[in-house]
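# Geometric and topological summary
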Amino acid sequence: MIWQSQGGGPWGTGPRGGGPWGGGSRNNGGTGPRGRSPYPPDFEEWLRRGQDRVRRILPGGFGTGSGIAIVLIAILVIWLASGFYRVLPDEVGIVLRFGAYNRTTQPGLNYHLPSPIETALTPSVTRVNRTEIGYRTADSLTGRGSVTRQVPEEALMLTGDENIVDINFAVFWVIRDAKSYLFNIRDPEMTVKSAAESAMREVIGETPIASALAEGRGKIETETQQLLQQLLNDYGAGIELTEVQLQRVDPPDPVIDAFRDVQRALADRARLRNEAEAYANDIIPRARGDAVRITQEAEAYRQQAIARAQGDAGRFNEVFKAYRAAQDVTQKRLYLETMEDILKHANKVVIDKSAAGGNGVLPFLPLPGLIPKGETIKPAGDSSSAAGGAQPPSQQPAAPVPSLSGTQQ
């Protein structure tokens, strides 16, 4: 106001005043000190200047409607070009038209109608996904490996013999049908986790704890994978399982020491039972064999004794018949046979009467030298001496006879 009354101030005159950097009206976008304008820019003036530049560039000139058409054409071209999308080699393209499934595209550069008419989803169908049940693995903040956090509400399960077991396992899966995977289930990760936990509880509920802790792990993994795959197929999830892997199968931590004591006692019982069964399997067949052998030996002795008795009775009857027919001859023959049998097994010394001489002196006989080596002279009263004891011919060779003439003394 003061500058207008003074004719515009020391820097000259102009509409609404001026300044040392030039002045201008509000409508032409004049600037103040340091390029700043005290008034907002006039967009209509900018638009008019832009149209003027376009008229100078394009031949024949265009009006305001032609400029707007060019802008619209450029926007349309950009919008149509936004329909190009790329599908990586490990992905598959799923095109949606107004949110509904339309088609499936293969890896490479593809095109769909621009949004919002069509959109494309590109899930990975070759990447192996991992779902953990009973525990969670996270990277350590110190950068030294990973940290495992237990989830007891998922890990604790009841076995077939009513024992509690702590199980951690992982499920590995891939996308088999991308359409079913995207549209048939809402949360694939949560669906796989819930179905896997349910399948594992069903299998563990039919398995004894001893089998789950030892040799039954492979069977549990196989049965769980089959049951879980069947559940996912019933859901139409489009997921294929590659592996179910048991990470940890142990009794709960508060009772693990007592459980191990029980398991050691059961192992000792089984060992002692096996040793007792092995001893029984060894001693019983041996006793049965001895019983059969003794029975057979007794039967053989019985038959031998019967046959011998029958033979002796038959021989006696024959001798008795011969004795009745000729008593004198039979008595003499029996006597000679008896003496022959006795003298045949006795040591004998035969001395000629002429050796004694007429003075009645008995000549010296070296009896120890006449006895074979390995035999001893027994007293006369011994039952096994000369005439009384009969020895086998093989053990009693005949003694040398000095003379066969004379009498036996």
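See the structure above.
What you see is a predicted model, and the numbers here were worked out from it, not measured in a lab. All residue numbers here refer to positions counted from 1 along the written sequence of the relevant chain. Note on the predicted model: pLDDT of at least 70 is required for a residue's local features to be given, and 80 or more for side-chain atom pairs to be given and counted; whole-chain, interface and lining totals, by contrast, use all residues. The side-chain numbers reported here are obtained from all heavy atoms of the structure, hydrogens and water having been left aside.

## What about the overall build of the protein?
To keep things clear, this is the line we draw: Runs of H or I in DSSP of at least four residues are treated as helices and runs of E of at least two as strands, each being numbered from the N terminus. Think of it in three bands: with a 1.4 Å probe and only protein chains considered, a residue is buried below 20% of the maximum accessible area for its type, exposed above 50%, and partly exposed in between. In what follows, a contact means two residues having at least one pair of non-hydrogen atoms within 4.5 Å. Surface accessibility in these figures is a Shrake-Rupley result with a 1.4 Å probe; residues are shielded only by whichever protein chains are displayed.
The helix and strand tally for the protein stands at 11 helices and 11 strands. Burial status across the protein gives 22% buried among its 409 residues. When contacts within the protein are restricted to residue pairs at least 6 apart in sequence, long-range pairs at least 24 apart make up 61% of them. For the protein, the accessible area works out to roughly 28,600 Å², and carbon and sulfur atoms hold 57% of it.

## Structural notes on the side chain of His112
Here is the rule we go by: Pairing of N or O atoms within 3.5 Å defines a polar contact, subject to two protein rules: one partner must be a possible hydrogen donor and the other a possible acceptor, and residues neighboring in sequence count only if both atoms are side-chain atoms.
Relative to the helices and strands, His112 resides in the loop between β4 (108-111) and β5 (118-121). A polar contact is formed between the side chain of His112 and the backbone oxygen of Glu118, at a distance of 3.2 Å. Setting aside residues no more than four positions away along its own chain, His112 makes contact with Gly83, Tyr85, Val95, Arg103, Glu118, Thr119 and Ala120.

## Quick word on the sheet that holds strand β3 (residues 100-105)
Heads up, the rule is: Pairing between two strands is assigned when DSSP locates at least 2 bridges connecting them. For helices, the axis comes from a line fit to the C-alpha atoms of the stretch in contact; other axes are also lines fit to C-alpha atoms, and the angle between any two N-to-C directions lies between 0 and 180 degrees.
With antiparallel pairing, the three strands of this open sheet are ordered in space as β3-β2-β5. A strand with exactly one partner marks an edge of an open sheet, and here the two such strands are β3 and β5. Adjacent strand axes in the sheet meet at a mean angle of 30°, parallel and antiparallel pairs treated alike.

## Quick notes on the pairing of strand β1 (residues 84-87)
Burial along β1 is one-sided: Tyr85 and Val87 are buried, while Phe84 and Arg86, pointing the other way, are not. Here β1 pairs with β4 via four bridges, running antiparallel. Bridge pairing in β4 places Tyr85 opposite Asn110.

## Things to note about helix α8 (residues 217-235)
This is how it is decided: By this rule, a helix spans an expected 1.5 Å times one less than how many residues it contains. The directions from the helix axis to the C-beta atoms are what the arc is built from.
Along its 19 residues, α8 runs 27 Å from first to last C-alpha, staying within 8% of the 27 Å computed at 1.5 Å per residue. The complete set of buried residues in α8 reads Ile220, Thr224, Leu228, Gln229 and Leu232. Angular distribution of buried residues about the axis of α8 spans 155°; they occupy a single face of the element. Of the residues in α8, the exposed ones pointing more than 90 degrees away from the buried face are Lys219, Gln226 and Asp234. Where α8 is buried, its residues meet β10 (164-175), α6 (188-204), α7 (209-213) and β11 (239-250).

## Some thoughts on the packing of aromatic side chains
Definition in use: Planes of paired rings set the category: under 30 degrees apart is stacked, over 60 is edge-to-face and the rest tilted, where pairs are Phe, Tyr or Trp rings (Trp by its six-membered ring) whose centres lie within 6.5 Å.
Counted by the stated rule, this structure contains four aromatic pairs. Look at Trp173 and Tyr181: their rings are 6.2 Å apart centre to centre, the planes differ by 40°, and that puts the pair in the tilted class. Overall, the relative accessible area of 15% leaves Tyr181 in the buried class.

## A word on a nonpolar patch on the surface
Formally: What makes a patch is a set of residues exposed beyond 30% relative accessible area and free of salt bridges, joined within 9 Å when like-charged and within 5 Å when nonpolar (Val, Leu, Ile, Met, Phe, Trp, Tyr). For salt bridges, the criterion is a side-chain nitrogen of Lys or Arg within 4 Å of an Asp or Glu carboxyl oxygen.
Judged by side-chain polarity, Leu76, Trp79, Leu80, Phe84, Leu109, Tyr111 and Leu113 come together as a nonpolar surface patch covering roughly 670 Å² of accessible area. When contributions to the nonpolar patch are tallied by element, the ones reaching two or more residues are α3 (64-81) and β4. The element contributing the most residues to the nonpolar patch is α3, with three residues. Taking the relative accessible area as the measure of exposure, Leu113 reaches 36% and is therefore partly exposed.

## Re the nonpolar core
Heads up, the condition is: For this analysis, a nonpolar core means a set of buried residues of the types Ala, Val, Leu, Ile, Met, Phe, Trp, Tyr and Cys, connected via side-chain atoms within 4.5 Å.
Of all hydrophobic cores here, the largest spans 31 residues; its most connected members are Ile167, Phe169, Val171, Trp173, Leu228 and Ile239. Those elements giving two or more residues to this core turn out to be β2 (93-97), β10, α5 (178-183), α6, α8 and β11. Considering every element that reaches this core, the biggest residue donor is α6, with seven residues. Apart from the residues within four sequence positions on either side, Trp173 is in contact with Arg127, Val128, Asn129, Thr131, Tyr181, Glu189, Val192, Ile239, Glu240, Leu241 and Thr242.

## Considering the pattern of salt bridges
Applying the stated criterion to the full structure yields 15 salt bridges. With a shortest N-O distance of 2.5 Å, Glu118 and Arg97 are connected by a salt bridge. Within this pair, whereas Glu118 is found in strand β5, its partner Arg97 is found in strand β2, the two being separated by 21 residues in sequence. A residue is classified by how much of its surface remains accessible, and Glu118, at 1% relative accessible area, is buried. Asp253 is the partner of Arg248 in a salt bridge, and the nearest nitrogen-oxygen pair spans 3.2 Å. On the basis of relative accessible area, Asp253 is assigned to the exposed category, the value being 52%.

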